Amino acid sequence: MADIGRIVHEVAQEMAAHPERGEVASYIPPLAHVDPGQFGLCIVTSDGVTHAAGDAEEPFSIQSVSKVFALTQALGKVGDTLWRRVGREPSGTPFNSIVQLEREQGIPRNPFINAGALVVSDVNLAGHEPRVAIGELLRFIRYLAEDETIVIDETVARAEQETGFRNIALANYMKAFGNLTHAAPLTLGVYFHQCAIAMSCRQLAMAGRYLMLGGLHSPGGARVISAQRARRINALMLTCGHYDASGDFAFRVGLPGKSGVGGGILAIAPGKAAIAVWSPGLNECGNSRLGTLALERIAEATGWSVFSPSGSGRS
Ligand code: GLU
């Protein structure tokens, strides 16, 4: 078994000193002020032990990492009928691209690009006021993380509401194709608030345990989703979790992962670990630059890549 505690500390040390940290997202005004010098890392292993280092307790805007939890919630509500409204193929386009929607008649490629996540929010909104729908998602995440202190950063939510012109366009465009049930501002309200949830690496890694444990909340704990559904969400994270850099992430890291423009990434080593990294500086595709590098180092040191023959790794 690899010494996970040592790996976590060595990787955090290397990243803290790394000179090239990428650019923080500036199109959401509050994110532009986040200090790019920060780096946090937390790994929860399948026995429930956590290893954390760096700024692992610092809450950050989880942004698109929320799409994993929102998708889990939507699948719980409507099951496989969701796939009539959203695809399961990598998009090869940036997170907020509108071009594919025209060609594909308002059906987004996958639930992890913004258009697909808006459809997921629309499903989660059904039968609720927006405030209730977002409260339900927040409660779900708190339950997964076993942490009642997780909150929504209202400043971030408001800023997205005021400046999210592309998302507003995407929602209206899908409405024109009949793929949005609610009024666009209502669905957008749910989406913006889920993106504005703030979590630390420790909270995020804890919340991701169900994807490492075949759908169980915690080791030996209650079932959150079926094993098949956990496997499928992991498959979508691997193929679609990093927008147009999903192939590169699979190549470099080899783990299901979902990134957000706040600089967070949740990565899953099925049966082995849930990993959360955060560093606010992004690469040209909008994924955390040092977060990706850190995961590459961790995958290398542990042998956790899903493409390694089982048992061949160092763990
Ligand atoms: N709230 C962001 C947006 O919709 C999420 C993007 C991301 O994290 O990739 O633009």
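Residues numbered from 1 in each chain as written. Predicted model: local features only at pLDDT ≥ 70, side-chain atom pairs only at ≥ 80, totals over all residues. Heavy atoms only, no water.

Attention now moves to the packing of helix α2 (residues 66-78) against helix α8 (residues 184-195). Between two packed helices, what matters for the description is the angle formed by their axes and the separation of those axes. Where α2 meets α8, the closest approach of the two axes is 9 Å, and the angle between their N-to-C directions is 130 degrees. As far as their axial angle goes, α8 and α2 are oblique. For the crossing formed where α2 meets α8, the hand is right-handed. Residues S66, K67 and A70 of α2 touch α8, and the partners they reach there are Y191, Q194 and C195. Here the residues of the contact of α2 with α8 sort into three nonpolar, two polar and one charged. (Axes fitted to C-alpha atoms, helices over the stretch in contact; angles between N-to-C directions. Helix = DSSP H or I, 4+ residues; strand = E, 2+ residues; numbered from the N terminus. Parallel < 35°, antiparallel > 145°, perpendicular 65-115°, else oblique. Left-handed = near helix turned anticlockwise from the far one by under 90°. Contact = heavy atoms within 4.5 Å. Nonpolar A, V, L, I, M, F, W, Y, C, P; charged D, E, K, R; others polar.)

In this section: empty space enclosed by the protein. Taken as a whole and judged by the stated rule, the model has three cavities of 30 Å³ or more. Class assignment for the residues of the lining of the largest cavity results in five nonpolar, four polar and two charged. If you add up the space inside the second largest cavity, you get close to 50 Å³. Lining the second largest cavity are S97, Q100, L101, E104, I107, P108, R109, I113 and A115. Residues of the lining of the second largest cavity, tallied by class, amount to five nonpolar, two polar and two charged. (1 Å grid on protein atoms, 1.4 Å probe; cavity = no way out; pocket = protein on both sides within 12 Å on 5 of 7 lines; lining within 4 Å. Points joined across faces, edges and corners; volume = space filled by probe spheres on them.)

Each strand in a sheet pairs with another by means of backbone hydrogen bonds, the pair being arranged parallel or else antiparallel. Sheet architecture is open: three strands sit in the order β3-β5-β4, paired in antiparallel fashion. Looking at strand neighbours, the two that pair on one side only are β3 (60-61) and β4 (151-152), the edges of this open sheet. Two strands pair when backbone bridges link them, and β3 and strand β5 (residues 197-199) are joined in this way by two bridges, in the antiparallel orientation. By the bridge assignment, S61 is partnered in β5 with A198. (Pairing = 2+ DSSP bridges.)

Spacing of three or four residues puts side chains on the same side of an α-helix, whose turn is 3.6 residues. Between its terminal C-alpha atoms helix α5 (residues 130-145) stretches 23 Å, which fits the 22 Å expected from 16 residues at 1.5 Å a residue. Of all the residues in α5, the buried ones are A133, I134, G135, L137, L138, F140, I141, R142, L144 and A145. Where α5 terminates, the next one or two residues include E146, which has phi positive at roughly 55 degrees. (Expected span 1.5 Å × (residues − 1). Buried < 20%, exposed > 50% of the residue type's maximum accessible area, 1.4 Å probe, protein only.)

In this section: the pattern of salt bridges. One pass over the structure, following the stated rule, counts eleven salt bridges. For E14, the salt bridge goes to R297, with nearest N and O atoms at 2.7 Å. Of this pair, E14 sits in helix α1 (residues 4-16) while R297 sits in helix α13 (residues 289-302), and the two are 283 residues apart along the sequence. Classification of E14 by relative accessible area gives partly exposed; the value is 29%. Looking at R297, the relative accessible area reads 34%, which means it is partly exposed. For R85, the salt bridge goes to D122, with nearest N and O atoms at 2.7 Å. Linking R85 in the loop between α2 and α3 (99-103) with D122 in helix α4 (residues 114-125), this pair joins segments that are 37 residues apart in sequence. Across this residue pair, the class does not change: R85 and D122 are buried. Here the residues in one salt-bridge network are D248, R252 and E296, joined through shared partners. (Salt bridge = Lys/Arg side-chain N within 4 Å of Asp/Glu carboxyl O.)

Moving on: the nonpolar core. F69, L71, I197 and L211 are the most contacted members of the largest nonpolar core, which has 61 residues in total. At seven residues, the largest contribution of residues to this core is made by α5. Dropping the residues within four chain positions of it, L71 is found in contact with L82, W83, P111, F112, V120, I233 and L236. Within the second largest apolar cluster, 27 residues are counted, among which are A2, V253, L295 and W304. (Core = buried A, V, L, I, M, F, W, Y, C linked by side-chain atoms within 4.5 Å.)

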